[in-house]
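Listed below are the residues making up each chain.
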Amino acid sequence: MISLAGRDILHAWGKFVFTGIGLGLLIGVTLTMAGVYRGMVDDANVLLDNSGADLWVVQKDTQGPYAESSSIYDDTYRGILGLSGVARVANVTYLTMQVSQLGDGKARDVRAMVVGIPPDGAGHPGQPGYLVEGRRLTRGHYEAVADIASGFALGDRIRIRRNEYTVVGLTRRMVSSGGDPMVFIPLKDAQEAQFLKDNDAIRAQRARTAQSPALNRPGVPGLLDAVIASQSTNTSVNAVLVQIEPGTDPEAVAEPIRRWKHLSVYTRSQMQGILIEKLIATAARQIAMFLVILAIVSAAIVAFIIYTLTMGKIREIAVLKLIGTTNRTIAGMILQQAVALGLIGFVVGKVSATFWAPVFPKYVLLESGDAIRGFVAVVVICVLASVLAIRAALKVDPAEAIGG
């Protein structure tokens, strides 16, 4: 039976191999789609790992700085730092925007997540885990540490809003949940950038404030200047990152903050649930639909080509039946051809996905578990797709070998 299937494949090896390559490219796309989803989940986990936080303190009734807008006063951390079980705290801001690289030629825009952090040491909340080149932020203004995925290099000048920054350090795999590279700048600069207004808006606001009788009283000198100064500064951050003492229960620290500070607090597992189950849930369902469609298309291709090959050798099958070949042997031959086609396709698909995955703009994580599940799915699909051809072959009348 094996020799029979092999000889038949060799007889039409060109059509068989090229069909396997085409099927393999389709399987490669399927594995890549699964890798895109795995990459999204990994980006979300990397975002949480890179924050170095055990708790995220955010605006009440919001789901945190990654899923929706959050704004709290930047002095909130003082009350949190004094709580039992708290080791370190840090204010942080997040702003996804276009960052311009300046140079002699045309400016290049990079979509990035701009993270505002206070200059601090390694291991502190919000700080990049490690640097591949350069140093950390040491000044309060106009320095930046960027992920290498941004394409920035040490010494590059970049523009964020009105200000220019010098890249003093480079890090790796510091990305947002959407895969955008992170650019770290001092917290004060980030606060200004997040709520900065253009010059015309600032002038209009000052004129509107000066025209207000309540804010520009003739008998209260300095009131107008104080109000304008307060309007020109930002005292808000998006979250407070909290590191707790080893062995401390996160909920034991979170509950007093929720009760007495009137803020929302999320543990690592809760924040992970928000990112994966809510932030990327729609994309996950869309990818799942693509995988189902690709599986159906793959099954249709295998069924069509095996049926075509079977119908092309009706006379040969009739001869086999005439000389006493059992239906089981004929069915086994067709089944082996379908599985062989699937094996060729899977090998081509796995190799293709491995080679083109690094070229994708989003991170593609190809896991061995997905490859094993994909292999099993390909074999099952090929077995099911061969049923139509087997039924047609078993209906062949041996007399056709003689009757022409």
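Residues numbered from 1 in each chain as written. Predicted model: local features only at pLDDT ≥ 70, side-chain atom pairs only at ≥ 80, totals over all residues. Heavy atoms only, no water.

1. Concerning the overall build of the protein chain
And then number 1: Scanning the protein chain for helices and strands turns up 13 helices and 12 strands.
And then number 2: Expressed as a percentage of contacts within the protein chain between residues at least 6 apart in sequence, the contacts between residues at least 24 apart total 74%.
And then number 3: Of the roughly 20,500 Å² that the protein chain leaves accessible, carbon and sulfur atoms contribute 60%. (Helix = DSSP H or I, 4+ residues; strand = E, 2+ residues; numbered from the N terminus. Contact = heavy atoms within 4.5 Å. Areas by Shrake-Rupley, 256 points an atom, 1.4 Å probe, with all protein chains shown as cover.)

2. Examining unusual backbone geometry
A negative phi holds for most residues other than glycine; trans holds for most peptide bonds.
And then number 1: A positive phi angle, close to 65°, is found at Y142, a residue other than glycine.
And then number 2: With respect to the helices and strands, the residue Y142 is situated in the loop between β5 (133-134) and β6 (143-147).
And then number 3: Overall, the relative accessible area of 43% leaves Y142 in the partly exposed class.
And then number 4: Despite not being glycine, H262 shows a phi value in the positive range, around 55°. (Buried < 20%, exposed > 50% of the residue type's maximum accessible area, 1.4 Å probe, protein only.)

3. A few points about the pairing of strand β1 (residues 55-58)
Each regular strand carries side chains that alternate between the two faces of the sheet.
And then number 1: Burial along β1 is two-sided: the face carrying L55 and V57 and the face carrying W56 and V58 are both buried.
And then number 2: Note that β1 and strand β11 (residues 239-244) share three bridges and pair antiparallel. Bridge assignment links L55 to a residue of β11, and that residue is V242.
And then number 3: Pairing analysis gives four bridges linking β1 to strand β12 (residues 264-267), with the strands arranged antiparallel. Its bridge partner being in β12, W56 is matched across the sheet by Y266. (Pairing = 2+ DSSP bridges.)

4. Observations regarding the packing of aromatic side chains
And then number 1: One pass over the structure, following the stated rule, counts three aromatic pairs.
And then number 2: For the ring pair F346 and F375, a centre distance of 5.3 Å and an interplane angle of 70° mean the geometry is edge-to-face. Taken together, the positions of F346 in helix α11 (residues 327-356) and F375 in helix α12 (residues 368-394) put the pair 29 residues apart, joining distant regions of the chain.
And then number 3: On the basis of relative accessible area, F346 is assigned to the buried category, the value being 12%.
And then number 4: Exposure remark for F375: the relative accessible area of 34% places this residue in the partly exposed category.
And then number 5: Taking NZ or CZ as reference, R173 lies 4.1 Å from the ring centre of Y363, over its face. (Phe/Tyr/Trp six-rings, centres within 6.5 Å; stacked < 30°, edge-to-face > 60°. Lys NZ or Arg CZ within 6 Å of the ring centre and 35° of its normal.)

5. As for helix α9 (residues 281-311)
The α-helix advances 3.6 residues per turn, and as a result positions three or four apart in sequence lie on the same side.
And then number 1: For α9, with 31 residues, the first-to-last C-alpha span of 45 Å sits near the 45 Å given by 1.5 Å per residue.
And then number 2: For α9, the complete set of buried residues consists of A281, A284, I287, L294, S298, V302, A303, I305, I306, L309 and T310. (Expected span 1.5 Å × (residues − 1).)

6. Looking at the environment of V348
And then number 1: As for its position among the elements, V348 is in helix α11.
And then number 2: On a C-alpha basis, the gap between V348 and L25 in space is 6.7 Å, while along the polypeptide they are 323 residues apart.
And then number 3: Setting aside residues up to four positions removed in sequence, V348 forms contacts with I21, G24 and L25.

7. Things to note about the pattern of salt bridges
And then number 1: The final tally for this structure, using the stated rule, is 14 salt bridges.
And then number 2: For R38, the salt bridge identified is with D370, shortest N-O distance 2.9 Å. A residue pair is termed long-range when its members are at least 10 positions apart, and R38 in helix α2 (residues 13-51) and D370 in helix α12 qualify at 332 residues.
And then number 3: Owing to a relative accessible area of 26%, R38 belongs among the partly exposed residues under this scheme. (Salt bridge = Lys/Arg side-chain N within 4 Å of Asp/Glu carboxyl O.)

8. Structural notes on the confidence of the model for the protein chain
And then number 1: For the protein chain, the mean per-residue pLDDT works out to 83, and 88% of the residues sit at or above 70.
And then number 2: Confidence, read as mean pLDDT per element, is least for helix α1 (residues 2-11) in the protein chain (52) and greatest for β6 (95). (pLDDT = per-residue confidence, 0-100.)

9. Considerations on the side chain of T267
And then number 1: With respect to the helices, strands and loops of the structure, T267 is situated in strand β12.
And then number 2: Given the relative accessible area of 8%, T267 is considered buried.
And then number 3: In this view, T267 contacts D54, L55, W56, P250 and E251; residues no more than four positions away in its chain are not counted.

10. Section: the packing of α11 against α12
And then number 1: With their axes 8 Å apart at the nearest point, α11 and α12 run at an angle of 145° to one another. At the point where α11 passes α12, the crossing takes the right-handed sense. Contacts between α11 and α12 pair N327, I330, A331, I334, L335, A338, V339, G342, L343, F346 and K350 from the former with A371, G374, F375, V378, C382, V383, S386, A389, I390, A393 and L394 from the latter.
And then number 2: Residue composition of the contact of α11 with α12, by class: 17 nonpolar, four polar and one charged. (Axes fitted to C-alpha atoms, helices over the stretch in contact; angles between N-to-C directions. Left-handed = near helix turned anticlockwise from the far one by under 90°. Nonpolar A, V, L, I, M, F, W, Y, C, P; charged D, E, K, R; others polar.)

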